Amino acid sequence: QVQLAESGGGLVQAGGSLRLSCAASGRTFSRTVMGWFRQAPGKEREFVAAITWSVGRTYYLDSVKGQFTISRDKAKNTGFLQMNNLKPEDTAVYYCAARYSDYDVRNPDMYDTWGQGTQVTVSS
């Protein structure tokens, strides 16, 4: 069973950048898709971005297109979420997740493995 561990969160001023990492355990990443979600206090978990592990096809929440970039390093079994021009409304706990199929990648219920989350706080 693959395990995921996020890192890279923290406190940043508005307009700043952070790069989140998601390290998958094991010799190979045994899933088809890695996704990033976020959850702000009092809100539902929200899809942010996803990438197909093999070919690198990417998907984004419309509001973060051009601001966030998802990528992966297959050799290191690690996914990344580069977040630029951060805004206070980006404040949330960010989770990476993994799943076998690339159907309906924006649906959190389709993911079978989750990391513990990393806090991102953007101050105004």
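Just so it is clear, the structure is predicted and the values come from calculations on it, not from any experiment.

Draft legend 1. Quick look at the environment of Arg45. In this fold, Arg45 is placed in the loop between strand S4 (33-39) and strand S5 (46-52). Arg45 sits in the partly exposed class, given a relative accessible area of 30%. Placed 12 residues apart in sequence, Arg45 and Val33 show a C-alpha to C-alpha distance of 18 Å. What Arg45 contacts, discounting residues up to four positions off in sequence, is Phe37, Arg38, Gln39, Tyr95 and Trp114.

Draft legend 2. Looking closely at the packing of aromatic side chains. Under the criterion given, the structure shown has 6 aromatic pairs. Ring plane angle 45 degrees and centroid distance 4.3 Å describe the contact between Phe29 and Trp53, whose orientation is recorded as tilted. Of this pair, Phe29 sits in the loop between strand S3 (18-24) and S4 while Trp53 is found in the loop between S5 and strand S6 (58-60), placing the two residues 24 residues apart along the sequence. Across the pair, exposure class does not vary: Phe29 and Trp53 are buried alike. Aromatic side chains Phe37 and Trp114 sit 5.0 Å apart centroid to centroid with 55 degrees between the ring planes, which places their arrangement in the tilted category.

Draft legend 3. Expanded view of the side chain of Arg38. Assignment of secondary structure puts Arg38 in strand S4. Judged by its relative accessible area of 7%, Arg38 is buried. Looking at Arg38, its side chain comes within polar contact range of the side chain of Asp90, at 3.0 Å. In contact with Arg38, not counting residues within four places along its chain, are Glu44, Arg45, Glu46, Val48, Leu61, Ser63, Val64, Phe68, Asp90, Ala92, Val93 and Tyr94.

Calculation rules
Residues numbered from 1 in each chain as written. Predicted model: local features only at pLDDT ≥ 70, side-chain atom pairs only at ≥ 80, totals over all residues. Heavy atoms only, no water. Helix = DSSP H or I, 4+ residues; strand = E, 2+ residues; numbered from the N terminus. Buried < 20%, exposed > 50% of the residue type's maximum accessible area, 1.4 Å probe, protein only. Contact = heavy atoms within 4.5 Å. Phe/Tyr/Trp six-rings, centres within 6.5 Å; stacked < 30°, edge-to-face > 60°. Polar contact = N/O pair within 3.5 Å; in protein donor to acceptor, adjacent residues only side chain to side chain.

By themselves, these figures tell us nothing about what the structure is for.
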